Amino acid sequence: MQIQQLSIFVENKSGRLAEITEVLAAARIDIRAISVADTSDFGILRLIVNKPDEAVAALKKAGLTVSLTNVIAMGIDDVPGAFSKAMRILADIGIDVEYMYAFISRKSGKAYVILRVKDSKKAVNALSSNGIQILTAEEFYGM
Amino acid sequence: MQGNYFEPELECASREVLHYIQSKKLVKMVERCYKHVPTYKKRFDEMGLLPGDIRSIDDIRKLPFTYKTDLRDTYPFGMFAVPKEELVRVHASSGTTGKQTVVGYTKGDIDVWARCAARCITAAGGTKSDYIHISYGYGLFTGGMGIHYGAEKLGATAIPVSTGNTKRQIMIMQDFGSDILCCTPSYAMYIGETMRDMGVDPKSLKLRAGIFGAEPWTENMRKEIERLLSIKAYDIYGLSEIAGPGVASECVMQHGMHINEDMFYPEVIDPETGKPLPDGEYGELVFTCIGKEALPLLRYRTKDICCLNHTACECGRTFVRMEKPRGRTDDMLIIRGINVFPSQIESVLLSLGMAPNYQLVIDRVNNLDTLEVQVEINEDMFSDTVRDLEDMSRKISNALQSTLNVVAKVRLLEPKSIPRTDGKAKRVIDNRKV
């Protein structure tokens, strides 16, 4: 149920994102989802890729600080109100969202949301028992 | 306790015998200084001192001090006491704290230095059958060649790897079976971190000990190196003006560094008044090179702050021990009128369980000094949330402020982004134009 997200520490230096993603390109890694959290001094690049272990190895070899974090991916209908409904489910059981990012798929007509919460298991149970699709790692990496 | 000694008759000599040796050498040295070094002749004459006034090592306090500026003022060879026919080598300081200083050696000096370095390697458990992996820089810097000659003098096998190409260093350790690593402590950390990143288990290596020096390091850093490399880490002390690495080093007891005092006579003085201090009191370390020919410095002010201990050591050596230097009289920074030592920043980071990979950037903005402490992040410190990282910055900043009494801005850097030259990390960048 859990999806492995790569988090990479990035100094705020021009060209750094290009350099880091070139490492992934050279290792033939396909990026599934990406987001950057930024502060004035540094950023955290968050990635979901098709081959997380290979990606971590390549990035570490390039001298980067990488960690793997478990996140959940939910698929919701791409219609007004679908996302707020999911957030309401989490809010009602007291789960805070640390961060999230999302993208939509024209093919399936769905929106996919990556969520980082403290208690993934509890979140997954609540969402799926309310009929919200939770993607497996294989489903997501192979998308 | 039985230990390994390279020259037991000297290293374990009685204090009376040592006193005799030191006195004899000092008397000869003073005569030579007066005769061959104009700076000393002038100073003696000004003081009304004659070489004959020095009859034993107890008279050393009558002698004038020598300062780094004396070497600079007579740059490059003005303090040498031998004609160039007798010189066989020169080295030079890196010049990071001003104009470089040049030091010279006769054949006899090289031998003295090699013997001292061999004693140090032996004190750390090294033997003839060991491979000594030398990752100090080779060149004008004394580190590489100093240990190298010591290893050969001992009869061990020197592997002159020098610095850089860390992956290759690790490969050599694996393939050649290096037993003892010699380099700067910061480079030892770097090798350990690289080993971890490469997935090399340090326990799979033959490496069992390391002899580290040429820059300040702490007990916590020792533990970190011992953990990362799975070895025992020994401290070695030296400075080019006196010889190079091998002036003093730890024995297996690891309770202070034995000074090779039959060659380099130490004193600890009050840096303000110049008065000698008793054992246990901190002051400036001063050396007289009683065993040297080419550059026989009298009471050379090292600027290192430490204390001496003449009590007997369980290892059997009688040589006086010096504590690890606590700082330098000149690495003190004054930030907003407050004295700050880089070693304090290191202690703060270590007390927070962080690797001491840092750099200080000092600037002056609108007539106010600013201190930025840049800290390299590693995997143990990293988190995927901004909040955790910002909390960590704040924690470092608060700890620094309570220790230093200076506001410090903390900036997190990617690993290995602080440049290391010759394995020495540059710790301070002072951009103030004062």
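In short, a report on the structure. Everything quoted here is computed from the prediction, not taken from an experiment. Each chain carries its own residue numbering, running from 1 in the written order of its sequence. Lettering for chains starts from A, numbering for ligands starts from 1, and both go in the order in which the items are written. Given that the model is predicted, a residue must reach a pLDDT of at least 70 before its local features are reported, and side-chain atom pairs must reach 80 or more before they are shown or counted; all residues, however, enter totals for whole chains, interfaces and linings. The basis for every side-chain value is the complete set of heavy atoms in the structure, and neither hydrogens nor water enter the calculation.

## As for the overall build of chain A
Condition: For helices the rule is a DSSP run of H or I covering at least 4 residues; for strands it is a run of E covering at least 2, with both sets numbered from the N terminus onward. Contacts were defined at the residue level, with two residues in contact if any of their heavy atoms lie within 4.5 Å. The method behind every accessible area is Shrake-Rupley, applied with a 1.4 Å probe, and residues are considered shielded solely by the protein chains displayed.
Regarding its fold elements, chain A presents five helices and seven strands. For chain A, the share of sequence-separated contacts (at least 6 apart) that also reach a separation of at least 24 residues comes to 68%. Counting only carbon and sulfur atoms, one obtains 50% of the accessible surface of chain A, whose full area is about 7,100 Å².

## Regarding the overall build of chain B
Of regular secondary structure, chain B possesses 11 helices and 23 strands. Considering only contacts within chain B whose residues lie at least 6 apart along the sequence, 66% involve residues at least 24 apart.

## Let's talk about the interface of chain A and chain B
Quick note on the threshold: Two parts placed together each lose some accessible area under a 1.4 Å probe, and the buried area is that loss summed for both. Salt bridges are counted wherever a side-chain nitrogen of Lys or Arg sits within 4 Å of a carboxyl oxygen of Asp or Glu. Pairs of N or O atoms are called polar contacts if they sit within 3.5 Å, as long as, within protein, a hydrogen donor faces a hydrogen acceptor (for residues adjacent in sequence, only side-chain-to-side-chain pairs).
Taken together, the contact between chain A and chain B spans 25 residues of the former and 20 residues of the latter. Interface of chain A and chain B: buried area, both sides summed, is about 1,900 Å²; carbon and sulfur atoms make up 53% of it. A per-residue breakdown of the area chain A buries against chain B is headed by A:Phe9, A:Asp41 and A:Thr65, which together make up 31% of the total. For the pair chain A and chain B, the interface holds six salt bridges. The closest approach of N and O atoms between B:Arg387 and A:Glu98, which form a salt bridge, is 2.7 Å. The interface formed by chain A and chain B holds nine residue pairs in polar contact (both at pLDDT 80 or more) in total. Listing elements by their share of the side of chain A that touches chain B, those giving two or more residues are β1 (3-11), β3 (42-49), α2 (52-61), β4 (66-77) and β5 (97-105) of chain A. The leading source of residues in the side of chain A that touches chain B is β1(A), at six residues.

## Digging into empty space enclosed by the protein
Residues and elements named next belong to chain B. Keep this limit in mind: Using only the protein atoms, space was sampled on a 1 Å grid; points where a 1.4 Å probe fits but cannot get out form cavities, open sets with protein on both sides within 12 Å along at least five of seven lines form pockets, and lining residues are those with an atom within 4 Å of a point. Grid points are joined across faces, edges and corners, and a volume is the space filled by probe spheres set on the points. Only Asp, Glu, Lys and Arg are considered charged in this grouping, and only Ala, Val, Leu, Ile, Met, Phe, Trp, Tyr, Cys and Pro are considered nonpolar; every other residue, Gly among them, is considered polar.
A complete count under the given rule lists two cavities of 30 Å³ or more for this structure. In this structure, the largest cavity encloses a volume near 180 Å³. Considering the residues around the largest cavity, the lining is formed by 15 residues, among which Arg 196, Asp 197, Ile 377, Asn 378 and Pro 415 are closest to the centre. Looking at the lining of the largest cavity, the element that brings in the most residues is helix α8 (residues 185-198), giving three residues. Looking at side-chain class alone, the lining of the largest cavity contains four nonpolar, four polar and seven charged residues. Here the second largest cavity is characterised by a volume of approximately 60 Å³. What lines the second largest cavity is Glu 11, Arg 119, Cys 120, Ala 123, Ser 249, His 258, Asn 260, Arg 317 and Phe 319. Of all the elements, helix α5 (residues 107-123) adds the most residues to the lining of the second largest cavity, at three residues.

## Describing the pairing of β4(A)
Residue and element names in this part refer to chain A. To keep it simple, the criterion reads: Burial here depends on accessible area, computed with a 1.4 Å probe over protein chains only, as a share of the maximum for the residue type. Under 20% is buried, over 50% is exposed, and the range in between is partly exposed. Any two strands with at least two DSSP bridges between them are considered paired.
Across the 12 residues that make up β4, a large majority, nine, are buried. With six bridges connecting them, β1 and β4 associate as antiparallel partners. Bridged to Gln 4 within β4 is Asn 70. Where β4 lies against strand β6 (residues 110-117), six bridges are found, and the strand directions are antiparallel. Across the sheet, the residue bridging to Met 74 is Val 113, located in β6.

## Let's talk about the pattern of salt bridges
Under the definition given, this model contains 40 salt bridges over all chains. Several salt bridges share partner residues, and in doing so they unite A:Asp41, B:Glu372, B:Lys409 and B:Arg411 into one network.

## Some thoughts on the packing of aromatic side chains
Rules: Pairing of aromatic side chains here covers Phe, Tyr and the six-membered ring of Trp, requires ring centres within 6.5 Å, and sorts the geometry by plane angle: under 30 degrees stacked, over 60 edge-to-face, intermediate tilted. As a reminder, the over-ring test applies to NZ of lysine and CZ of arginine, requiring each to be within 6 Å of the ring centre and within 35 degrees of the ring normal.
Tallied over the entire structure, the rule returns 12 aromatic pairs over all chains. Look at B:Tyr34 and B:Phe44: their rings are 5.6 Å apart centre to centre, the planes differ by 45 degrees, and that puts the pair in the tilted class. A residue pair is termed long-range when its members are at least 10 positions apart, and B:Tyr34 in helix α2 (residues 15-36) and B:Phe44 in helix α3 (residues 38-47) qualify at 10 residues. Taken individually, B:Tyr34 and B:Phe44 each receive the classification buried, so the pair is uniform in this respect. Members of the aromatic cluster, connected to one another through ring pairs, are A:Phe9, A:Phe42 and B:Phe382. Directly above the ring of B:Phe65 sits B:Arg301, whose terminal nitrogen or CZ lies 4.7 Å from the centroid. Across the ring face of B:Tyr190, the terminal group of B:Lys416 is positioned such that the distance to the ring centre comes to 5.0 Å.

## Describing the packing of α8(B) against helix α9 (residues 219-229) of chain B
Residues and elements named next belong to chain B. Selection criterion: Note on geometry: axes are lines fitted to C-alpha atoms, helical ones only across the stretch in contact, with angles between N-to-C directions running from 0 to 180 degrees. Should the near helix be turned anticlockwise from the far one by less than a right angle, the crossing is termed left-handed; should it be turned clockwise, right-handed.
Closest axis-to-axis distance for the α8/α9 pair is 9 Å, and the angle between their directions is 35 degrees. By crossing handedness, the relation of α8 to α9 is classed as left-handed. From α8, Pro 185, Ser 186, Ala 188, Met 189, Ile 191, Gly 192, Glu 193, Met 195 and Arg 196 reach across to α9, where they touch Met 221, Glu 224, Ile 225, Leu 228 and Leu 229. Its residues placed into classes, the contact of α8 with α9 shows nine nonpolar, two polar and three charged.

## Overview of unusual backbone geometry
Note on backbone geometry: most residues besides glycine have negative phi, and most peptide bonds are trans. Residue and element names in this part refer to chain B. Looking along the chain, the bond that leaves Tyr 75 and enters Pro 76 is cis, with omega of -5 degrees. Here Pro 76 is to be found in the loop between α4 (68-73) and β1 (87-92). You will see that Ser 230, though not glycine, has its phi angle at about 55 degrees, which is positive. Of note, Ser 230 is situated in the loop between α9 and β7 (232-238). A positive phi angle, near 65 degrees, is found at Asn 367, a position not held by glycine. Its location among the elements puts Asn 367 in the loop between β18 (358-365) and β19 (368-376).

## A word on the sheet that holds strand β6 (residues 209-212) of chain B
Residue and element names in this part refer to chain B. Taken in spatial order, the nine strands make up an open sheet running β4-β3-β5-β6-β7-β8-β9-β14-β13, and their pairing is mixed. Single-partner strands in this sheet number two, and they are β4 (157-159) and β13 (308-309). Pairing of strand β5 (residues 180-183) with β6, which is carried by four bridges, proceeds in the parallel orientation. The residue bridging Ile 180 from the neighbouring strand is Ala 209, located in β6.

## Remarks on the environment of B:Glu215
All names here are of chain B. Within the secondary structure, Glu 215 sits in the loop between β6 and α9. As a C-alpha pair, Glu 215 and Ser 186 span 29 residues in sequence and 8.2 Å in three-dimensional space. Separated by 2.6 Å, the side chains of Glu 215 and Ser 186 make a polar contact.

## Details of the sheet that holds strand β15 (residues 327-328) of chain B
Residues and elements named next belong to chain B. The strand order β10-β11-β12-β15 describes an open sheet built from four strands, whose pairing is antiparallel. The open sheet has two free edges, formed respectively by β10 (265-269) and β15, since each of these has just one partner strand. Note that strand β11 (residues 283-288) and strand β12 (residues 300-306) share four bridges and pair antiparallel. Bridge assignment links Glu 284 to a residue of β12, and that residue is Ile 305.

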